[in-house]
Structure formats: C-alpha cells, structure tokens
Amino acid sequence: MIPWNIALLILTLPGSGRADVTVSSESKEMENTKPENYSPAIELSCVISGLTKAAEVVWTKAGSDVTNLAEGYSVDDGAEYFNGEEGYQVTTLTVPGTEEKRENMVFTCVVTDPGTERTVQATPELRFYTIFPMRAKLTLHGARSLTCKISGVTDPVEVIWRDMDWNDITDGEGGYTISQGSVNENQVQEATLTISTGSLLNATDYHGDNLFYRCAAKSTKYPESPPSSFTLVNAQLLHFGMYTTESEVEINTSTNVSCVVYGLSKQLDSVKWEKPNFGGVITDGTDGYKIDVGSYEDVGYSGRQESVLTIPASEVKADSNFTCVVESLEHGIDEEKEDANLFVFTVTPADEKVTTGISQTLTCHIDNFYQEPKYIEWLDPDGKSITTDTEGYSIHGSVTEKVQNGSWSKISGFQEELLTISPRILKELKKKAENSEFHFLCSAWSSEYSDSLVSRVHHEVPVKFLNLKVEGKGLEVEASTEAVLSCVVNGLTRQLDSVKWEKPNSGGAWRSDN
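Residues numbered from 1 in each chain as written. Predicted model: local features only at pLDDT ≥ 70, side-chain atom pairs only at ≥ 80, totals over all residues. Heavy atoms only, no water.

**Q** Help me out: how do you make sense of unusual backbone geometry in this one?
**A** Most peptide bonds are trans, and most residues other than glycine sit at a negative phi. Its identity as a non-glycine residue notwithstanding, Glu117 has a phi of 65°, on the positive side. Structurally, Glu117 is set in the loop between strand E9 (105-112) and strand E10 (119-122). Judged by its relative accessible area of 58%, Glu117 falls in the exposed class. One non-glycine residue, Asp287, lies in positive phi territory at about 60°. (Helix = DSSP H or I, 4+ residues; strand = E, 2+ residues; numbered from the N terminus. Buried < 20%, exposed > 50% of the residue type's maximum accessible area, 1.4 Å probe, protein only.)

Below you can see the structure in the form of structure tokens.
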C-alpha cells in the first residue's frame, strides 16, 4: 500500500448565537494495485465540529448516494459515538478494495445541522498512483542504477528501498545513493538507487548475477497515508562477451563477416575493422569495403550489438582473417579484438565434348572447401535451374577425404559435382545449338555459411557436339604381297564398342587369323 495523505477542508455553517458547525475531511493517496493483487479497503472520514447533538450524514459519489453495505461500501454516520461535551462527530466511508475503477475519486459527506436543518459538506479525495518497476542492466564500470517509476502523482512521493535481504537502504550508507527525483509534466516521478561497485560485487557473491531489490512509495502530499507495498526491481549484472561469424565463399566474390558483442546496456563506444596481416584499419566506403557498426539491441536480460563488414570481391583471394576491434567503457574495455575467418574455395568447370547416342556427364570441380561440401546449382543453356527432379537429368557428386592444411588446422577437401544428360535432351539441344556448341552453367556456395554470401558466380561449362566421321585409308601394293589397311574414326567420347572388317564383294567378316 502507498502512503495516505490528509487534506483538511473546513466548511462552516453560520448559526445565530452559537458556534458554527464545521466539517473537515481527510483525503488519502495510495497505490493503484493490479486487479489480481490483494487491495485493502480504504477508509475516508469527515470530522464535524460545533454540534449540540448528533447530525444526520449522507455520503455521495459522483452525485449519487452511497448506501451502507451496497456494493461493498460501508457507511458509518458516527451518530452512535457523538461527543456531546466536545460537540463533534466523526463519520466514515469505507471504500472496498474490490472497486474496479482504480482511478482518482471524489466523495462528498453531506451534513445536516440538527439545529438549523441547513447542510454543510466536505469532499475528501481518494487518489491513486502506480508503481512501475524498471528492469535494470548493470555493469561494474558503467550503469549501476535501479529505477522505481511512479505514475499519477502531482507532488513527489518518498521512495523507500530495500536490499536483497529485505534490509532498509539508507541514502549514503553501505555503498548506496538514493535520488528521489521530481514529478514531470506527465505526473511521473523516477527515483533511483545507485549501487557502488563494491556493494554490487558483494551482492552478486551472495545472490548471483540476477538480483532483486525492492521499492515502495509513501505520499508526502497526504502524510497520514500508509506506504505502498514493496515492488520487486530486477537488476541483472552483465558480463562482456564477443564472437565473430566466419565466412566461406568462392574466390573473387563479395562476402560478409560479422562481429557480435553481448552483455551490453548501451551502444558500444567504438567499432573498427582491420585488414588481414596487420594491414591497417579499414575505412567505410574505401576500396570497396562497407562497414555497418550496428546498433544496440535490447534482447531480454542482456543487450547486444552486431557489426557487419562487407568485403569486396577484389579482396577475396585466399584464406585470411579480418579483425573486429571494439571499445566498451561501461565494461572498462578500451580495445577488445576478435578475428573473423574468411575461407576461400575455387570452382573449375571442365570442358566437355559430347555425342547424342548415349548419356553424357558434365563436371564442376570445387577445390579447397572448408569442412562441409558446397551447394551446387546447375543451369541449362536457357538459364533454367536443373534439379534432381528435372526430367532428363541426374545430379550426383563425390567428395574426397578431408585433410589438415595450414596453421589454422583447416580441414579442406575436393568435390566433384556431376550432371548427367540423357540422349533425348542432347538431341534436342543439338538441334538448337549454333556451330554445334552451347554451354551449361554451374555455381557453388557454402552450405555452412550461406548467410555470408553477397554475390555468386555462374561458371560456363562449354559443351561441343561431336560428329561421327569414319575414314578408311587404302594402299597400292604388288600382288601377293602383304598390305596394311587402316580405319580412322573421329567424333568419339570413348572407346568404340566394336570394330569389324569385311572381305570384298560380300565375302563376309574378316577374322584376324585368316
């Protein structure tokens, strides 16, 4: 519960030859608790003075009478306890804690002077405010303040703090500093509790990195109001962390590498990137490089920032590493470095000569890939993608055994991706081919680092149709002497399936032992 306040409002009714009847009201200010939380009943009162006998009292809300025991309200006119000697009477109105409209309300106690039958009234207020606990992210060298936000106040309330063990916190003691704050134009007050580094370390030693302090408020406008209940204020001690993402792309293609810093409560103070082999600091927009330093992101109990470096194709020549350098003053870090590895592979298509009589196979070679086989895409001569479901084609490949390589202990390999084309497709292509030549396209990209890909190269796989040509070479010799004849076959992609010789004049096949 939040503090109660007392506002004194005295109204008098003139009477001839006797003391005037006066009414004073007591206002209160309290926490606007959530419906699911327990909310105690609230008692408002009016004190009537100058009476000679008990007065008649009626309570109203928004112009309508409040009936005793109706809707949870309780009305006591105080007549039973009228003090004749002092001439005063105290009337009370108990507002139920189940009142749904938890908003500022004005009640009126209407008093009828028994001597003159005239009425006099007072208007006690019931005001509500709301406490919003603000989750805090703390660091040892930066932010170490918790905030207790109070909304719906016109005058500052007193904010009370307690530590993890429910001990009251005093301003200036135990490594704590309390600032009560002020009320802004939106009727919001933000009070803060600042924790010294030593006190924060001591708290985390006993309670871990996830801490819970408590704050409550007490009205200063109506000092007789009780304090609110204590509200938990969560504080999370952040620890600095940093990692980079690797990239693997084909030589001479642009790519991205990134640097992620977590455990933040605000934007990094500085982010830089350096070229491989101590090549110096990279400037955004120079030599084709692009740098996105990123922005702070609140991701629950921690904050993060991701910076992305775009490496131009002209700088992607061989395996290398780019260095991310960050500054985070809230963690006491002026320079923290982490390398982002760049792995480079090559794609080499093989020229092919084909015929239309049998299926033919095209090959795309991938060398020096890192860890996992590459994704391969084939395009037909019309630029259409070929998949394992494309009729007339089949795709298969092989990967050689991976080997250790270089100072990075890189695991590299060799991959062959094969595209087999059916005779039907080959015949259709030959009809459309100019000069008996055409080309397919193959491209490759990393299966493990596909997110780092900026551009992709489609390599031409030249294909040339071969025409069968048989040429026989005769000889002129003297009769009854041995002669050697030859037959030359051109336009082959493999060994002939069969070779036979026949005798002249349909003399039948000529056997080698004849």
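That was the structure; now back to the text.
**Q** Help me understand the pattern of salt bridges in this model?
**A** Should the charged atoms of two oppositely charged side chains come close, the side chains can pair. Overall, the coordinates contain 11 salt bridges when judged by the stated rule. Glu428 is the partner of Arg424 in a salt bridge, and the nearest nitrogen-oxygen pair spans 3.0 Å. With Arg424 and Glu428 both in helix H2 (residues 423-432) and 4 residues apart, the pair spans about one turn of that helix. Using a relative accessible area of 40% as the deciding quantity, one classes Arg424 as partly exposed. Members of the salt-bridge network, linked through shared partners, are Glu297, Arg304 and Glu306. (Salt bridge = Lys/Arg side-chain N within 4 Å of Asp/Glu carboxyl O.)

**Q** Would you take a moment to explain the pairing of strand E4 (residues 42-49) for this structure?
**A** Consecutive side chains along a regular strand alternate between the two faces of the sheet. Direction of pairing for strand E2 (residues 21-26) relative to E4: antiparallel, over a ladder of 5 bridges. Paired with Ser24 across the strands is Val47, a residue of E4. Relative to strand E8 (residues 89-95), E4 runs antiparallel, the two being bridged by 7 bridges. Note on E8: the bridge partner recorded for Ile42 is Val95. (Pairing = 2+ DSSP bridges.)

**Q** Explanation requested: the packing of aromatic side chains in the structure shown.
**A** This structure, assessed with the given rule, holds 8 aromatic pairs. With a centroid separation of 5.0 Å and 40° between ring planes, the pair formed by Phe438 and Phe465 is classed as tilted. In this pair, Phe438 sits in strand E35 (residues 437-446) while Phe465 sits in strand E36 (residues 459-465), placing the two residues 27 residues apart along the sequence. Residue Phe465 is classed as buried on the basis of its relative accessible area of 3%. Between the NZ or CZ atom of Lys149 and the centre of the ring of Phe132, over which it lies, the distance is 5.9 Å. (Phe/Tyr/Trp six-rings, centres within 6.5 Å; stacked < 30°, edge-to-face > 60°. Lys NZ or Arg CZ within 6 Å of the ring centre and 35° of its normal.)

Read these as layout, nothing more, since geometry by itself doesn't imply function.
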